[in-house]
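Descriptive structure summary
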Amino acid sequence: MSTVRFGRDEHGAVTVLVPDGYEPLDQLLYDDLGDHHGALVDIRDHARAPGIEPWEAGGNSCSITITRAAVTIDNDYNGQTTTLDRTEFLDIIDAYLTELDTTAP
């Protein structure tokens, strides 16, 4: 997995700390999805078994496109884009879900 790490904000919510170039990943996970397990699991499931056609979804500020080769996250407001290998993306999503589960009340 890349150098993506997790922290906590002042309210105890899981935050995502990303290296340069990965900002849209932080924006997707922390700003758009937060602790919405259903949406996270849906995205993870699409990344695990991508169809022949790209799968796309949008949030408050980011959109995500999943293909057989990669996952691309676009910030629709500032134009930043990051593309990750599907395996790396799945590792990050699984780690994020685990982090959420360890902090659930």
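Quick caveat, the model's predicted, so the values are computed rather than measured.

So, how was this worked out
All residue numbers refer to position in the chain's written sequence, counted from 1. This being a predicted model, a pLDDT of at least 70 is required before a residue's local features are given, and a value of 80 or more before pairs of side-chain atoms are given or counted; all residues contribute to the totals for chains, interfaces and linings. To obtain the side-chain values, all non-hydrogen atoms of the structure were used and water was disregarded. The salt bridge criterion pairs a side-chain nitrogen of Lys or Arg with a carboxyl oxygen of Asp or Glu, the two atoms within 4 Å. A helix here means a DSSP run of H or I that spans at least four residues, while a strand means a run of E at least two residues long, and both kinds are numbered starting from the N terminus. Under the scheme applied here, a residue whose accessible area is under 20% of the maximum for its type counts as buried, over 50% as exposed, and between as partly exposed, the area being computed with a 1.4 Å probe on protein chains only. Residue contacts are counted whenever heavy atoms from the two residues lie within 4.5 Å of one another. Only Phe, Tyr and Trp rings are paired, with Trp represented by its six-membered ring, and only when their centres lie within 6.5 Å; those with planes under 30 degrees apart are stacked, over 60 edge-to-face, the remainder tilted. Each residue after the first adds 1.5 Å to the expected span of a helix. The arc in question is traced by the directions running from the helix axis to the C-beta atoms. By definition, two strands form a pair when at least two bridges between them are found by DSSP.

**Focus: the pattern of salt bridges**
According to the stated counting rule, one finds 4 salt bridges in the structure shown. A salt bridge links Glu99 to Arg8; the nearest nitrogen and oxygen atoms lie 2.7 Å apart. Of this pair, Glu99 sits in helix H3 (residues 86-103) while Arg8 sits in strand E1 (residues 5-8), and the two are 91 residues apart along the sequence. By relative accessible area, which is 21% here, Glu99 ends up partly exposed. In this structure, Asp94 engages Arg44 in a salt bridge whose closest nitrogen and oxygen atoms are separated by 3.8 Å. Here Asp94 is found in helix H3, whereas its partner Arg44 is found in helix H2 (residues 37-48), with 50 residues between them in sequence. Of the residues examined, Asp94 reaches a relative accessible area of 28% and is grouped as partly exposed.

**Focus: the environment of Asp26**
With respect to the helices, strands and loops of the structure, Asp26 is situated in helix H1 (residues 23-33). Between the C-alpha atoms of Asp26 and Ile73, which are 47 residues apart in sequence, the distance is 10.0 Å. In this structure, Asp26 is in contact with Val16, Val18 and Asp31, ignoring residues within four places of it in sequence.

**A few points about the packing of aromatic side chains**
Inspection of the entire model under this criterion finds 1 aromatic pair. When the ring of Phe6 is compared with that of Tyr96, the centres are 5.8 Å apart and the planes differ by 40°; the resulting orientation is tilted. Of this pair, Phe6 sits in strand E1 while Tyr96 sits in helix H3, and the two are 90 residues apart along the sequence. Just as Phe6 is buried, Tyr96 falls in that class too.

**Quick notes on H2**
Relative to the 16 Å expected for 12 residues at 1.5 Å per residue, H2 spans 16 Å between its end C-alpha atoms, a close match to the ideal helical length. Regarding H2, the residues found buried are Leu40, Ile43, Arg44 and Ala47. With its buried residues spanning 100° around the axis, H2 presents them on a single face.

**Considerations on the pairing of strand E3 (residues 55-58)**
Bridging between E3 and strand E4 (residues 62-66) involves 4 bridges; their strand directions are antiparallel. Across the sheet, Ala57 pairs through a bridge with Ile64, a residue of E4.

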